[in-house]
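One-letter residues, chain by chain:
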Amino acid sequence: MPIRRPRGPKPVLRHLPFLELMAGAHEGEPLYVGSQASLLSLRLLDHWIALGAELADVAATAHRAARESVHAMTTDVEWRTSLSSIIDAIEAIQEPDAQPVLPRVYALAMLLEQRGLLAAAGDVYATVAKYVDSAAHLDLAYDAHMRHGYCLRHAGEFDWADQAYANAGMLAARDRDRVRVVLSRLGRAKVVWDRGDLPAADAAIMELLDEAESLDSAATKALILHDRSGLAWVRNDYDNAIRWVFEAFKISPDEYDRERMLGDLAGFLGAYGAHGPARTALRILEQSARTQGGRWSARINLMELGARTGSAMVFEQHRRELANEPLPAAMRVNYLIEVGRGQMAFGAYAEARATLLEGMQLATSSGFNRASFVAESLLKELDVAERRQVRAEEVTAVEAPADISAELDRLLLEVSGSAA
């Protein structure tokens, strides 16, 4: 007699990315402790919603385990505070109601995303998307699907990423929000880009630019132009990449977006060989970025530009300025990698090896796998360079478009005057 099984989706192990982070870290390391605390806190949320108010009781086993695990995060106040706020809300609300708690869960996802833990962040965004009442909290639901799509896309889960962006688009269409519909379609175009069909992605983005014109939304047009510039760069269309990101920067009304666009403009100019304008753009960011992190990032890029252009004095100046700053883990890893790269370029091989090993160890312990691979690759390059005594080749500067150089010079004078 055949066994009758209940219909419905098969049970899955939820919050698996946190278990994977624990498996890749050593017990007691900050990444291991934070991942364990996140796993227990999110499972407490799941069980509270499914089983009821008994899970809000501080004496409940699951509640106590989550709370103790969070308290054990003695070296990471920011992560611990984010998790504590979720547990505190559960305890305060008592009867299961996810809606007041979900903004705190979303904040946790943003924190993890900022640290480069994209698989874990995607899992938390998915949790928000699962529980949010989209009729009552459309903004949160839309944003959760869009950020989930971003995390999935960068993890190579293209089908699921496309579905997440489509889900966001359906919510926006239901609310008749044409701008958000366009932005969800932009996400889907970037999935096509990441799959490698660059002409199709460019055609989709061009179509969205036309729609943005009809919407009369400068912010939307700027975002689409920004992405088109990145695609142009990948397609080796450097002139248009620089032009389009500059145009996006000029028309964007959003200060946060303008900082990202200016950073990309500096990166494009530097890679193109227009080192003077690239340096000017980074100095603007160094003086005007809204956050300390933005200013630190500009300095790291100025340091990297000094190494690329063979200016040991500029490289060393910024290296020393940043050495004792309390950089977040992801930024510290990036700093160490760029210091190691620069030291290698200037022939300081022993110092470069020590720096890159430190960066690789920090990247590994913090779960930044991509950065760990970069550091490992540079160490291999270092071995070859040291055997052959290879130094960085001299680079030849090229001119940037005159209007872009002039505008950057004007902005630097403006922000320098404001700072004074």
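From a predicted model like this one, the values you see are computed outputs, not experimental measurements.

Looking only at helices and strands, the chain has 20 helices and zero strands in total. Along the three orthogonal principal directions, the C-alpha set of the chain runs to about 75 × 55 × 55 Å. By residue count, 46% of the 420 residues in the chain fall in the buried class. In the chain, once contacts between residues fewer than 6 apart in sequence are set aside, the share between residues at least 24 apart is 61%. Here the chain displays about 21,300 Å² of accessible surface, and carbon together with sulfur accounts for 52% of that area. Separation of charge centres in the chain, based on 46 positive and 59 negative side chains, amounts to 3 Å.

With that out of the way, let us pick up the confidence of the model for the chain. Across the chain, the average pLDDT comes to 91, with 95% of residues at 70 or higher. The low-confidence segment residues 1-11, where pLDDT is below 50, has zero contacts with residues more than four positions distant or belonging to other chains.

As a further point, take the pattern of salt bridges. In total, this model carries 32 salt bridges according to the counting rule given. Among the salt bridges present, the one from Arg-243 reaches Asp-403, with a minimum N-O distance of 2.8 Å. Separated by 160 residues along the polypeptide, Arg-243 in helix 12 (residues 238-251) and Asp-403 in helix 20 (residues 402-419) bring together distant segments of the chain. With relative accessibility at 24%, the residue Arg-243 sits in the partly exposed group. For Asp-403, a relative accessible area of 38% translates into the label partly exposed. One salt bridge in this structure joins Arg-299 and Glu-286, with 3.1 Å as the shortest N-O distance. With Arg-299 in helix 15 (residues 292-308) and Glu-286 in helix 14 (residues 275-288), this pair connects stretches of sequence that are 13 residues apart. Counted as one network, the salt bridges with shared partners bring together Arg-243, Glu-247, Lys-250 and Asp-403.

A separate point is the packing of helix 15 against helix 17 (residues 329-345). Contact geometry of helix 15 with helix 17 gives a least axis separation of 9 Å together with a crossing angle of 10°. Put simply, helix 15 runs roughly parallel to helix 17. Every pair of crossing elements has a handedness; the one defined by helix 15 and helix 17 is left-handed. Residues Gly-293, Trp-296, Ser-297, Ile-300, Met-303, Glu-304 and Ala-307 of helix 15 lie in contact with helix 17, whose contacting residues are Met-331, Asn-334, Tyr-335, Glu-338, Val-339 and Gly-342. Looking at the contact of helix 15 with helix 17 residue by residue, the class counts come to seven nonpolar, four polar and two charged.

Here Glu-113 shows up in helix 5 (residues 102-114). Residue Glu-113 is classed as buried on the basis of its relative accessible area, which comes to 16%. Residues contacting Glu-113, with those up to four places away along its chain left out, are Leu-118, Ala-121, Tyr-125, Arg-147 and Tyr-150. In terms of polar contacts, Glu-113 uses its side chain to reach the side chain of Arg-147, at 2.3 Å.

Further remarks concern helix 4 (residues 77-93). Between its first and last C-alpha atoms helix 4 spans 24 Å; for 17 residues at 1.5 Å apiece the expected length is 24 Å, and the two agree. For helix 4, every residue scored as buried is listed here: Trp-79, Ser-82, Leu-83, Ser-84, Ser-85, Ile-86, Ile-87, Ala-89 and Ile-90. Each element contacted by the buried residues of helix 4 is listed here: helix 2 (30-51), helix 3 (61-71) and helix 5. Remark: Gln-94 follows helix 4 within two positions and exhibits a positive phi of approximately 70°.

In contact at an axis separation of 9 Å, helix 10 (residues 198-215) and helix 11 (residues 218-234) are set at 160° when each is read in the N-to-C sense. Of the possible angle classes, the one that applies to helix 10 and helix 11 is roughly antiparallel. Like other packed secondary-structure pairs, helix 10 and helix 11 cross with a definite hand, here left-handed. Along the contact surface, helix 10 presents Leu-198, Ala-201, Asp-202, Ile-205, Met-206, Leu-208, Leu-209, Ala-212 and Glu-213, while helix 11 presents Thr-220, Lys-221, Ile-224, Leu-225, Arg-228, Leu-231 and Val-234. A class-by-class count of the residues in the contact of helix 10 with helix 11 yields 11 nonpolar, one polar and four charged.

Turning next to the environment of Tyr-131. By the element assignment, Tyr-131 lies in helix 6 (residues 118-131). In the structure, Tyr-131 is positioned 159 residues away from Arg-290 in sequence and 33 Å away in space, judged by C-alpha atoms. Excluding anything up to four places from it in sequence, Tyr-131 contacts Arg-14, Leu-45, Asp-46, Ile-49, Ala-98, Gln-99 and Leu-102. There is a polar contact of 3.3 Å between the side chain of Tyr-131 and the side chain of Arg-14.

One can find Arg-180 in helix 9 (residues 178-195). Residue class for Arg-180 comes out buried when judged on its relative accessible area of 17%.

What follows concerns the nonpolar core. With 63 residues, the main nonpolar core has Trp-79, Leu-102, Val-105, Leu-108, Leu-112, Leu-117 and Val-124 as its most contacted residues. Here the element with the most residues in this core is helix 2; it accounts for nine residues. Once residues lying within four places of it in the same chain are set aside, the contact partners of Leu-117 are Leu-21, Leu-31, Trp-79, Leu-112, Ser-366, Gly-367 and Phe-368. Listed in part, the 54 residues of the second largest apolar core include Tyr-165, Trp-193, Ala-222 and Ala-232.

The tally for this structure, following the rule as stated, stands at four aromatic pairs. An angle of 65° between the planes, with centres 5.2 Å apart, marks the rings of Tyr-106 and Tyr-125 as edge-to-face. Of this pair, Tyr-106 sits in helix 5 while Tyr-125 is found in helix 6, placing the two residues 19 residues apart along the sequence. Taken individually, Tyr-106 and Tyr-125 each receive the classification buried, so the pair is uniform in this respect. In this structure, Arg-180 packs its charged tip against the face of Tyr-142, placed 4.8 Å from the ring centre.

The rules behind the values
- Residues numbered from 1 in each chain as written.
- Predicted model: local features only at pLDDT ≥ 70, side-chain atom pairs only at ≥ 80, totals over all residues.
- Heavy atoms only, no water.
- Helix = DSSP H or I, 4+ residues; strand = E, 2+ residues; numbered from the N terminus.
- Buried < 20%, exposed > 50% of the residue type's maximum accessible area, 1.4 Å probe, protein only.
- Contact = heavy atoms within 4.5 Å.
- Areas by Shrake-Rupley, 256 points an atom, 1.4 Å probe, with all protein chains shown as cover.
- Lys, Arg positive; Asp, Glu negative; His and termini not counted.
- Charge placed at Lys NZ, Arg CZ, Asp CG, Glu CD.
- pLDDT = per-residue confidence, 0-100.
- Salt bridge = Lys/Arg side-chain N within 4 Å of Asp/Glu carboxyl O.
- Axes fitted to C-alpha atoms, helices over the stretch in contact; angles between N-to-C directions.
- Parallel < 35°, antiparallel > 145°, perpendicular 65-115°, else oblique.
- Left-handed = near helix turned anticlockwise from the far one by under 90°.
- Nonpolar A, V, L, I, M, F, W, Y, C, P; charged D, E, K, R; others polar.
- Polar contact = N/O pair within 3.5 Å; in protein donor to acceptor, adjacent residues only side chain to side chain.
- Expected span 1.5 Å × (residues − 1).
- Core = buried A, V, L, I, M, F, W, Y, C linked by side-chain atoms within 4.5 Å.
- Phe/Tyr/Trp six-rings, centres within 6.5 Å; stacked < 30°, edge-to-face > 60°.
- Lys NZ or Arg CZ within 6 Å of the ring centre and 35° of its normal.

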